[in-house]
Amino acid sequence: MPNFLTKLLSIGSDRELKEFERITGRVNDLESRFEAMSEEELRGCTAAFRERYDQGESLDDLLPEAFAAVREASRRTTGLRHFDVLIIGGIALHRGTIAEMKTGEGKTLVSTLAGYLNAIPGKGVHIVTVNDYLARRDSEWMGQIYRYLGMSVGLLQN
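Residue numbering note: each chain is counted from 1, following its sequence as written. Local features are withheld for residues below a pLDDT of 70 in this predicted model, meaning they are given only at 70 or higher, and side-chain atom pairs are given and counted only at 80 or more; totals for whole chains, interfaces and linings count all residues. Hydrogen atoms and water are omitted, and side-chain values are computed over all heavy atoms in the structure.

**Overview of the overall build of the protein chain**
Next, step 1: Comment: elements are numbered from the N terminus, with helices defined as DSSP H or I runs of at least four residues and strands as E runs of at least two. Across its full length, the protein chain carries 8 helices and 0 strands.
Next, step 2: When the helices and strands of the protein chain are read in sequence order from the N terminus, they spell out α-α-α-α-α-α-α-α.
Next, step 3: Only the C-alpha atoms count toward the radius of gyration. The rule for a globule is 2.2 Å times the residue count to the power 0.38. Taken over C-alpha atoms, the radius of gyration comes to 16 Å for the protein chain, in line with the 15 Å a tight globule of 158 residues would show.
Next, step 4: When its C-alpha atoms are laid out on the principal axes, the protein chain stretches across 55 × 40 × 30 Å.
Next, step 5: In the protein chain, buried positions account for 37% of the 158 residues.
Next, step 6: In this description, contact between two residues means that some pair of their heavy atoms is separated by no more than 4.5 Å. Sequence-distant contacts in the protein chain: of pairs separated by 6 or more residues, those separated by 24 or more amount to 70%. Whether a residue is buried, partly exposed or exposed follows from its accessible area with a 1.4 Å probe, protein chains only, as a fraction of its type maximum: under 20%, in between, or over 50%, in that order.

This is how it looks when you write it as structure tokens:
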């Protein structure tokens with residue numbers, strides 16, 4: 001009986017994973033276009049995304065390009081590239097899906113994708129890290145990506 005229940009419960013997640021993989025393919029298809037952008041062009045993406053959002057495009061519509069922009073900004077500022085599994089994690093975060101990642105698998109980098117995308121409307125995003133040391137480290141380290149793309153980063157600690 002547990003095997004049947006496990007299969008039944010995983011039906012939707014398999015379909016969701018296939019959708020996430022399809023979206024990841026779209027992000028990958030944009031990679032060379034974003035790599036070729038000048039610093040000024042890449043930095044201008046945020047304003048362009050905000051304008052498109054204000055004109056009625058949804059965050060889901062903007063997701064592939066926004067993730068491609070973050071991937072390239074990360075490569076330029078931190079030297080870190082979001083691999084496919086991290087893109088999938090970013091989609092899961094954006095969608096509010098539960099995703100488990102172990103220590104060292106890239107949670108900090110994944111958060112930049114959903115954080116950036118969800119900050120496009122200009123209402124702010126909070127990324128919570130309960131460890132003060134890690135919160136400071138991550139705000140400085142990952143903050144490079146957000147600042148490169150024209151966003152600000154704040155930090156609250158005890």
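**Here we look at the pattern of salt bridges**
Close approach of charged atoms allows side chains with opposite charge to pair.
Next, step 1: In the sections that follow, a salt bridge refers to a side-chain nitrogen of Lys or Arg positioned within 4 Å of a carboxyl oxygen of Asp or Glu. Considering all chains together, one arrives at 13 salt bridges under this definition.
Next, step 2: Of the charged contacts, one joins Glu19 and Arg95 as a salt bridge, the two residues approaching to 3.1 Å between their closest N and O atoms. Of this pair, Glu19 sits in helix H1 (residues 2-35) while Arg95 sits in helix H5 (residues 84-95), placing them 76 residues apart in sequence.
Next, step 3: Overall, the relative accessible area of 28% leaves Glu19 in the partly exposed class.
Next, step 4: Close ionic contact of Arg52 with Glu65 constitutes a salt bridge, the shortest N to O distance being 2.7 Å.

**Section: the packing of helix H3 (residues 45-54) against helix H4 (residues 59-77)**
Next, step 1: For the pair H3 and H4, interaxial distance at closest approach is 11 Å and the crossing angle is 175 degrees. Relative to H4, H3 is oriented roughly antiparallel. Where H3 approaches H4, its residues Cys45, Phe49, Arg52 and Tyr53 are matched on the opposing element by Leu59, Leu62, Glu65, Ala66 and Ala69. Angles here are taken between N-to-C directions and fall from 0 to 180 degrees, while the axes themselves are lines fitted to C-alpha atoms, restricted in helices to the stretch in contact. Any angle that falls under 35 degrees is termed roughly parallel, while one over 145 is termed roughly antiparallel, one within 65 to 115 roughly perpendicular, and all others oblique.

**Things to note about the environment of Arg22**
Next, step 1: Considering the arrangement of structural elements, one finds Arg22 in helix H1.
Next, step 2: You can call Arg22 partly exposed: its relative accessible area is 46%.
Next, step 3: It is 9.7 Å that separates the C-alpha atoms of Arg22 and Ile88, two residues lying 66 residues apart in sequence.

**Quick word on the nonpolar core**
Next, step 1: Nonpolar cores were defined as sets of buried Ala, Val, Leu, Ile, Met, Phe, Trp, Tyr and Cys residues, with membership established by side-chain atoms within 4.5 Å. Membership of the largest hydrophobic core comes to 36 residues, with the highest contact counts inside it found for Leu42, Tyr116 and Ile120.
Next, step 2: Only H1, H3, H4, H5, helix H6 (107-119) and helix H8 (143-148) provide two or more residues apiece to this core.
Next, step 3: Looking at this core, the element that brings in the most residues is H4, giving 9 residues.
Next, step 4: Setting aside anything within four residues of it in sequence, one finds Tyr116 in contact with Cys45, Thr46, Phe49, Ala66, Val70, Tyr146, Leu149 and Met151.

**Some details on the side chain of Ser139**
Next, step 1: Following the sequence through the fold, Ser139 ends up in helix H7 (residues 132-141).
Next, step 2: Whenever two N or O atoms come within 3.5 Å, that pair is a polar contact, provided that in protein one can donate a hydrogen and the other can accept it, and provided that, for residues adjacent in sequence, both atoms are side-chain atoms. For Ser139, the side chain forms a polar contact with the main-chain oxygen of Arg136, separated by 3.0 Å.
Next, step 3: If sequence neighbours within four positions are ignored, Ser139 has contacts with Arg147, Val153, Gly154 and Leu155.

**Description of the side chain of His94**
Next, step 1: Relative to the helices and strands, His94 resides in helix H5.
Next, step 2: By relative accessible area, which is 17% here, His94 ends up buried.

**What to know about the packing of aromatic side chains**
Next, step 1: When the centres of two rings from Phe, Tyr and Trp lie within 6.5 Å, Trp using its six-membered ring, the rings pair. Their planes under 30 degrees apart give stacked, over 60 give edge-to-face, and anything left gives tilted. The final tally for this structure, using the stated rule, is 1 aromatic pair.
Next, step 2: Between Phe49 and Tyr116, the ring centres sit 6.4 Å apart and the planes meet at 70 degrees, which makes this aromatic pair edge-to-face. Of this pair, Phe49 sits in helix H3 while Tyr116 sits in helix H6, placing them 67 residues apart in sequence. Comparing Phe49 with Tyr116, the two get one shared label, buried.
Next, step 3: Just above the ring of Tyr148 sits the side chain of Arg43; from NZ or CZ to the centre is 4.3 Å. Should the NZ of a Lys or the CZ of an Arg lie within 6 Å of a ring centre and within 35 degrees of the ring normal, that charge is described as sitting over the ring.

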